[in-house]
Amino acid sequence: MKKTFFQKYGILIIFLLLCLVLSFLSPVFLSIPNLINVVRQISINGILAIGMTLVILTGGIDLSVGSQVALTGAIVAGLQAHGQGAFLAVIVGLLLGAFLGCINGLIITKGGLPPFIVTLGMLTAARGLTLIYTGGRPIYDLSKAFNFIGAGYLGSIPIPVIILTLVLLVSHFVLKYTIFGREVYAVGGNPEASVYSGINKEKRLVQVYTIMGFLSGLTGIVLTSRLGSADPTAGVGFELDAITAVVIGGTSMFGGEGAVTGTLIGALIIGVINNGLNLLNVSSYYQQVVKGVIVVGAVLMDNYARKKQQKISE
Amino acid sequence: MASDYLLEMEGVSKRFSGVKALNNVEFRVKSGEVHALIGENGAGKSTLIKILSGIHKMDTGTICFNGSKVIIQSSRHAQQLGIATVHQELNLFPALSVSENIFIGRLPRKKSGIVDWHLLKKETEKLFSKLGIEIDPTTTVESLGVAEKQLVEIARALSQGAKLVIMDEPTSSLSQGEAERLFKIITALKANGITFIYVTHKLEELFQIADRITVFRDGCYIKTKEIADCSYQELVELMVGRELTSLFPKVQVELGEPVFKVNNLSRNKEFENVSFSIRRGEILGISGLVGAGRTELARCLFGVTLPTSGEIYKNEKQLTIKKPLDAIKQGICLVPEDRKNQGLVLKMSVQKNISLSILSMFRKTFGFIDGHKESATVQDAVAQLKIKTPSVEQLVGNLSGGNQQKVVFAKEFLSDPQLLILDEPTRGVDVGAKAEIHRLIGNFVKKGGSVLMISSELPEIMGMSDRILVMSKGKIVKEFQRSEATQEKILEYAL
């Protein structure tokens, strides 16, 4: 069965409608500085959400990304506070993120535990390590070069936006055109059949969680640089924002269906809603209600489309 | 006359995605009898039972139960009518007590709303003494044996006013002693006017327990007889009694040297000391009942599970197979029993499914897939196997069963296997696609491949195989040459 037009482009249509409505409600909304601002604001969540898309495509979940962001941010800042260069700090941060993700993946596959449980444990443990390392206090003293990552521009485009774009492009092509990508979809679409097809399911899962960790590390670096300090409580709730973007973007929580392009639109929708509600002076309390309603609505739609499809194939 | 029958089904048909599971069958059960329903796998027994228990709805036909015409809407409706089914997998709450299980959903309550445990126990004891069951109502169900659990299920059904109890393979996991006890209770309940439909593969039991039998074959009603008028031989003949048709064209192939050898392969509780060898160009059939360990053997050979002991050789060289990928690399491929769960990713396209195990053939730098080569290879396979699909981009879940199965075959053939293990290769496939799949298998061995074919369909096994192994209770109990095998002989060893 071919997907109907709305099933395929529904999220994009919703996004454009949202922009249209906001452009009438607020004259500032469509201005270039505001749009760049929106994209920069979503870049943090966007990078995480792209990694989360991979994880959810395999039928898993990673609740620990927020804590991973905090821990890598703290270590990266700490290294610089102890006089190390920005370059080394960044490399260590990325490796540390990948390492944490790898641990998640290994426990999930070798230990045979549900990703929910394993990453819930990592969420708590990594947050604890962050608090231990920082002693509960933010770390300042970042190097100038490092600040460029979060605050710099290339031409008129903020560096975080460029990073997000790169991550998006690479992950899009990897998922769509490589053996790895194909096998990620297969593992999520039907784990048993993928094993019967000779796919090394465990290896793929470990790789996916490692990539997630790597991107969490990257997010930690961007966030720390942007804020100019590493706060031990940074990143709380980031996992939920990332999952929200993935779900709004049409990736199935059951695995095997979805794309990072959808996730980007999901992140944009969240960003535009936040931005629009801010421009309209709606209190942040209400913003949360609106976001919550949108998540459930998106999953309802996903479910409805799936049931319809199932009925046809039966 | 009508009052003689508790249940009368007439003209009942049921199709599943084009395949006729039941074709205009009739089935009549007298009040107070034990009526056995027998037939090969795929004869339509379980479909009929599922219609009676409200899980499936029939397409056409009438059901007359207890004197009035009914259309069974749901399992709840079946229960209300007084039709209870005791399944192979029991529906009990293991951590709750026997009496709670029996009265779950309608536990007696005191005025305060608290469960009246005393009354509950008394009610259960009353029920048990009426039924002649001796189980302590306060023990938890998990501490009971399988037979006792079945009794609890029967008791629950009867306490809800069931008039007709359907037993689906009740003795498949019972010891001889347990089975005897179950028979005693069934006999006693029968004397109390309860009617039973009894489904089993174990024909010898029928002479002990059944009053009448009805035979189904290929979804059709064959015959109903008094058990007293039947011999064992006759039952078997009724079950399998069709002629071997030209549906199974045996391709004449010059057999080569033995390629694969399996030596004393065992796996805990699944199969033991399985030894055989397969020659180039040979089709080795494995026959046996569901649960004989055939599928488990196939999964183990393919590396899905690991054997506890024994070896597998290819050309006299011992193989180490720890996962399916190892098997595929050694030229062993599997067409699994359950294509929807093990063979295919239904959410993916025909192309992506076919190329899934051979992606490394299309590898370019950085692990990118050579899309042109992939698409050309897949198009080729689709044409060769005559897979009917609007395009290779079609989701595999939207194809018919036969075409889905051909997709699985295409996928396995492309890995260029030397040994193809087939587990029920034509299950749920219509006759036309079946013949084509058999043609594919024939072509494969003609080109020098070897096939290990598991099938519950005797005509298929006998029509296709060069040799036939019969498995029973995890062991190979008999080997037949093609010329010496008859359906009766095979069944005799399989049962």
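Please read all numbers here as calculations on a predicted model, not as lab measurements.

Considerations on the overall build of chain A
Tallying secondary structure elements over chain A gives 13 helices and two strands in all. In summary, chain A has a C-alpha radius of gyration of 20 Å against a globular reference of 20 Å for 314 residues, a match within 12%. In terms of principal-axis extent, the alpha carbons of chain A reach across some 65 × 55 × 35 Å. By the burial criterion, 52% of the 314 residues in chain A qualify as buried. Long-range pairs, those at least 24 residues apart, make up 78% of the contacts in chain A with a sequence separation of at least 6.

Details of the state of the cysteines
Residues and elements named next belong to chain B. One pass over the full model with this rule turns up zero disulfides over all chains. The cysteine Cys230 is free of any disulfide, with Cys220 supplying the nearest cysteine sulfur at 19 Å. Look at Cys230 and you get buried, because its relative accessible area is 10%.

Quick look at the confidence of the model for chain B
Predicted confidence across chain B gives a mean pLDDT of 88, with 95% of residues reaching 70 or more. What the predictor reports for the complex is a pTM of 0.77 with an ipTM of 0.86.

Side note on unusual backbone geometry
Negative phi characterises most residues that are not glycine, and trans characterises most peptide bonds. Within the chain, Glu169 of chain B stands out as a residue other than glycine whose phi angle is a positive 50°. With respect to the element layout, Glu169 of chain B can be found in the loop between strand 7 (164-168) and helix 6 (176-191).

Structural notes on empty space enclosed by the protein
This structure, assessed with the given rule, holds six cavities of 30 Å³ or more. If you add up the space inside the largest cavity, you get close to 140 Å³. Around the largest cavity, the lining comprises 13 residues; the ones closest to its centre are Glu40, Gly288, Leu289, Ser456 and Leu491 of chain B. Breaking the lining of the largest cavity down by element, the ones donating at least two residues are strand 13 (283-288) and helix 17 (487-494) of chain B. A breakdown of the residues in the lining of the largest cavity according to their chemical character gives six nonpolar, six polar and one charged. Taken together, Val69, Ala70, Gly73, Ala74, Leu223, Thr224, Leu227, Ser229, Ala230, Asp231 and Ala234 of chain A form the lining of the second largest cavity. When residues of the lining of the second largest cavity are assigned to their parent elements, the largest contribution, four residues, is made by helix 3 (residues 65-81) of chain A. Here the residues of the lining of the second largest cavity are counted per class, giving seven nonpolar, three polar and one charged.

Regarding a nonpolar patch on the surface
Together, Leu17, Leu20 and Phe24 of chain A give the surface a local cluster of nonpolar side chains, amounting to about 360 Å² of exposed area. Looking at the element boundaries, Phe24 of chain A is found in helix 1 (residues 5-25).

A look at the interface of chain A and chain B
Often the size quoted for an interface is simply the accessible area lost on bringing the parts together. In this complex, chain A contributes 24 residues to the contact, which on the side of chain B involves 34 residues. A buried area of about 2,400 Å², summed over both sides, lies between chain A and chain B, and 59% of it is on carbon and sulfur atoms. Broken down residue by residue, the surface that chain A buries against chain B is led by Ile179, Arg182 and Tyr196 of chain A, which jointly contribute 35%. Seen at the junction of chain A and chain B, the total is one salt bridge. The salt bridge partner of Arg182 of chain A is Glu374 of chain B, with a shortest N-O separation of 2.8 Å. The interface formed by chain A and chain B includes twelve residue pairs in polar contact (both at pLDDT 80 or more).

Considering the packing of helix 4 (residues 117-131) of chain B against helix 5 (residues 146-159) of chain B
Residues and elements named next belong to chain B. Packing of helix 4 against helix 5 brings their axes to within 11 Å, and their N-to-C directions diverge by 105°. By the angle between their directions, the pair helix 4 and helix 5 is classed as roughly perpendicular. Each of Leu127, Phe128 and Leu131 in helix 4 lies in contact with helix 5, whose residues at this interface are Ala155, Leu158 and Ser159. Counted by class, the contact of helix 4 with helix 5 contains five nonpolar, one polar and no charged residues.

Things to note about the side chain of Thr377 of chain B
Residue and element names in this part refer to chain B. Within the secondary structure layout, Thr377 lies in helix 13 (residues 371-384). Using a relative accessible area of 18% as the deciding quantity, one classes Thr377 as buried. There is a polar contact of 2.7 Å between the side chain of Thr377 and the backbone oxygen of Lys373. If sequence neighbours within four positions are ignored, Thr377 has contacts with Phe362 and Leu414.

Conventions used here
- The residue numbering used here restarts from 1 in each chain and proceeds along that chain's sequence as written.
- Key to labels: chains lettered from A, ligands numbered from 1, both in the order written.
- Given that this is a predicted model, residues contribute local features only at a pLDDT of at least 70 and side-chain atom pairs are listed and counted only at 80 or more, while totals for whole chains, interfaces and linings are drawn from all residues.
- Each side-chain value is derived from all of the structure's non-hydrogen atoms; neither hydrogens nor water enter the calculation.
- Helical segments are the DSSP runs of H or I of at least four residues, strand segments are the runs of E of at least two, and each set is numbered from the N terminus.
- We compute the radius of gyration from the C-alpha atoms alone; for a globule the expected value is 2.2 Å times N to the 0.38, where N is the number of residues.
- Exposed residues in this analysis have more than 50% of their type's maximum accessible area, buried residues have under 20%, and partly exposed residues fall in between, with area computed by a 1.4 Å probe over protein chains only.
- Contact criterion: two residues are considered in contact whenever any of their non-hydrogen atoms come within 4.5 Å of each other.
- Disulfides are defined as cysteine sulfur pairs within 2.5 Å.
- pLDDT measures the predictor's confidence residue by residue and takes values from 0 up to 100.
- Cavity and pocket criteria rest on a 1 Å grid covering protein atoms alone: a 1.4 Å probe that fits but cannot get out defines a cavity, protein on both sides within 12 Å along at least 5 of 7 lines defines an open pocket, and an atom within 4 Å of a point defines a lining residue.
- Grid points are joined across faces, edges and corners, and a volume is the space filled by probe spheres set on the points.
- Gly is placed with the polar residues, together with every amino acid not listed as nonpolar (Ala, Val, Leu, Ile, Met, Phe, Trp, Tyr, Cys and Pro) or charged (Asp, Glu, Lys and Arg).
- A patch consists of residues whose relative accessible area exceeds 30% and which take part in no salt bridge; residues with like charges are grouped when within 9 Å of each other, and nonpolar side chains (Val, Leu, Ile, Met, Phe, Trp, Tyr) when within 5 Å.
- Accessible surface is estimated by sampling points in the Shrake-Rupley manner with a 1.4 Å probe; for residues, cover comes only from the protein chains shown.
- When a carboxyl oxygen of Asp or Glu is within 4 Å of a side-chain nitrogen of Lys or Arg, the pair counts as a salt bridge.
- Buried surface area refers to the total accessible area, computed with a probe of radius 1.4 Å, that the two partners give up upon joining, counted for both partners together.
- Whenever two N or O atoms come within 3.5 Å, that pair is a polar contact, provided that in protein one can donate a hydrogen and the other can accept it, and provided that, for residues adjacent in sequence, both atoms are side-chain atoms.
- With axes taken as lines fitted to C-alpha atoms, and helix axes fitted only over the stretch in contact, angles between N-to-C directions fall between 0 and 180 degrees.
- Angular relationships are summarised with four words: roughly parallel below 35 degrees, roughly antiparallel beyond 145, roughly perpendicular across 65 to 115, and oblique for the angles in between.

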